[in-house]
Amino acid sequence: MQKSMNFPDIYNELVSVHELIAQRPNFSSMMIANMAMVEKDFLSSVASSILTLGGVHAPIIQTMDLYDDPNPVFRAETLLLNNRRIPGSGSSFVQGEPDPVFHKLDEMISDSELPRWSIVIKDITSLLEPKALYPNAATYTAVVCLMNNIPKDIAIGTVLSSRLGQWEQIYLENYNPMLP
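Structure report, in brief. (Residues numbered from 1 in each chain as written. Predicted model: local features only at pLDDT ≥ 70, side-chain atom pairs only at ≥ 80, totals over all residues. Heavy atoms only, no water.)

### Overview of the overall build of the protein
Defined as follows: Under the scheme used here, helices are H or I runs from DSSP no shorter than 4 residues and strands are E runs no shorter than 2 residues, and both carry numbers assigned from the N terminus. Based on C-alpha atoms, the radius of gyration is set beside the globule rule, defined as 2.2 Å times the residue count to the power 0.38. Classification of residues uses two cut-offs on accessible area relative to the type maximum, computed with a 1.4 Å probe and protein chains only: under 20% is buried, over 50% is exposed, and between them is partly exposed. By definition in these notes, contact holds between two residues if any of their heavy atoms fall within 4.5 Å. Note on areas: these come from Shrake-Rupley sampling with a 1.4 Å probe, and a residue is covered only by the protein chains present in the view.
Scanning the protein from N- to C-terminus turns up 9 helices and 0 strands. The C-alpha atoms of the protein give a radius of gyration of 17 Å, which matches the 16 Å a tight globule of 180 residues would have. Dimensions of the protein along its principal axes, counting C-alpha atoms only, are 60 × 35 × 25 Å. Expressed as a percentage of its 180 residues, the buried residues of the protein come to 43%. Of the contacts formed within the protein by residues at least 6 apart in sequence, a portion of 79% connects residues at least 24 apart. Accessible surface for the protein amounts to roughly 9900 Å². Of this, 56% is attributable to carbon and sulfur atoms.

### A look at the side chain of His 18
As for its position among the elements, His 18 is in helix α1 (residues 8–21). You can call His 18 buried: its relative accessible area is 1%. Those residues in contact with His 18 that lie beyond four places of it in its chain are Ala 137, Thr 141, Val 159, Ser 162 and Arg 163.

### A word on helix α5 (residues 72–81)
This is how it is decided: Throughout, the arc means that of the directions going from the helix axis to the C-beta atoms.
Along α5, the residues classified as buried are Pro 72, Val 73, Ala 76 and Leu 79. Seen along its axis, α5 keeps its buried residues to an arc of 120°; they face one direction. Projecting away from the buried face of α5 at angles above 90 degrees are the exposed residues Phe 74 and Leu 81. Its buried side turned inward, α5 meets α4 (60–67) and α7 (115–127). Directly beyond the C-terminal end of α5, a positive phi value near 55° is found at Asn 83.

### Side note on the packing of α1 against helix α8 (residues 137–147)
Inclusion rule: In this analysis, axes come from line fits to C-alpha atoms, helices being fitted only over the stretch in contact, and the angle between any two N-to-C directions falls in the range 0 to 180 degrees. Note on terminology: angles under 35 degrees are roughly parallel, angles over 145 are roughly antiparallel, angles of 65 to 115 are roughly perpendicular, and the others are oblique. Crossing handedness is defined as follows: a turn of the near helix away from the far one that is anticlockwise and smaller than a right angle gives a left-handed crossing, while the clockwise case is right-handed.
It is at 10 Å that the axes of α1 and α8 come closest, and there the two elements cross at 155°. Relative to α8, the element α1 is oriented roughly antiparallel. Handedness of the α1/α8 crossing: left-handed. Every residue of α8 that contacts α1 at Ile 10, Tyr 11, Leu 14, His 18 and Ile 21 is listed here: Ala 137, Tyr 140, Thr 141, Val 144 and Met 147.

### Describing the packing of aromatic side chains
Test applied: Here a pair means two rings of Phe, Tyr or Trp (six-membered ring of Trp) with centres within 6.5 Å. Their orientation is stacked below 30 degrees between planes, edge-to-face above 60, and tilted elsewhere. Put simply, a charge is over a ring when the Lys NZ or the Arg CZ is close to the ring centre, within 6 Å, and near the line of the ring normal, within 35 degrees.
Taken as a whole and assessed by the stated rule, the structure comprises 3 aromatic pairs. Relative to Tyr 175, the ring of Tyr 171 lies with its centre 5.4 Å away and its plane at 15°, an arrangement referred to as stacked. A relative accessible area of 9% places Tyr 171 in the buried class. Overall, Tyr 175 belongs to the partly exposed group, its relative accessible area being 34%. By the ring-pair criterion, three or more aromatic residues cluster together here, those being Phe 42, Tyr 171 and Tyr 175. Lying over the aromatic face of Trp 117, Arg 116 brings its terminal NZ or CZ to 4.3 Å of the ring centre.

### Re the pattern of salt bridges
Let me state the cut-off plainly: One speaks of a salt bridge when a side-chain nitrogen belonging to Lys or Arg is within 4 Å of a carboxyl oxygen belonging to Asp or Glu.
Inspection of every chain in the model, using the stated rule, returns 4 salt bridges. Close ionic contact of Asp 99 with Arg 24 constitutes a salt bridge, the shortest N to O distance being 2.6 Å. Within this pair, whereas Asp 99 is found in the loop between α5 and α6 (103–110), its partner Arg 24 is found in the loop between α1 and α2 (27–37), the two being separated by 75 residues in sequence. The exposure class assigned to Arg 24 is partly exposed, which follows from its relative accessible area of 22%. Residues Arg 75 and Asp 69 are paired through a salt bridge, measuring 3.5 Å at the closest nitrogen-oxygen approach.

And the structure:
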């Protein structure tokens, strides 16, 4: 299936953001570093990092399911009432305020021909205001993939292709084989 790029500028900004946040000490990037330190090959290191994705770290499919729901705000309210996590919300890097790395992307989504996505992001963020949780990379990845008709089953490919170059660099910085 071919990707339909309805909003290529927004998609390209998402790729740039993922390249930037791959440099942060997030779980998948730390896995690359750790695997390199124990002298695993790059392919094994990438495979290990891929296995960290989904669930709590980079829940792209879960976030796409939420935002693609006929009533995503109601679904988010229901999750909150049941003390469940809202996929795509919260950050371990920026606490209590929106992560500035997403500012341009957020503006681009707001200014797009499909303001529905911006409204849903704002409405879900409003629900989480008492907890001071804000959209993270999973939200923006999910929304940009939905805007570009990228199926949820392959949307994680956006994360992987965007981060792979940075993972190579992290691997090289941490690989120091022992002499025989």
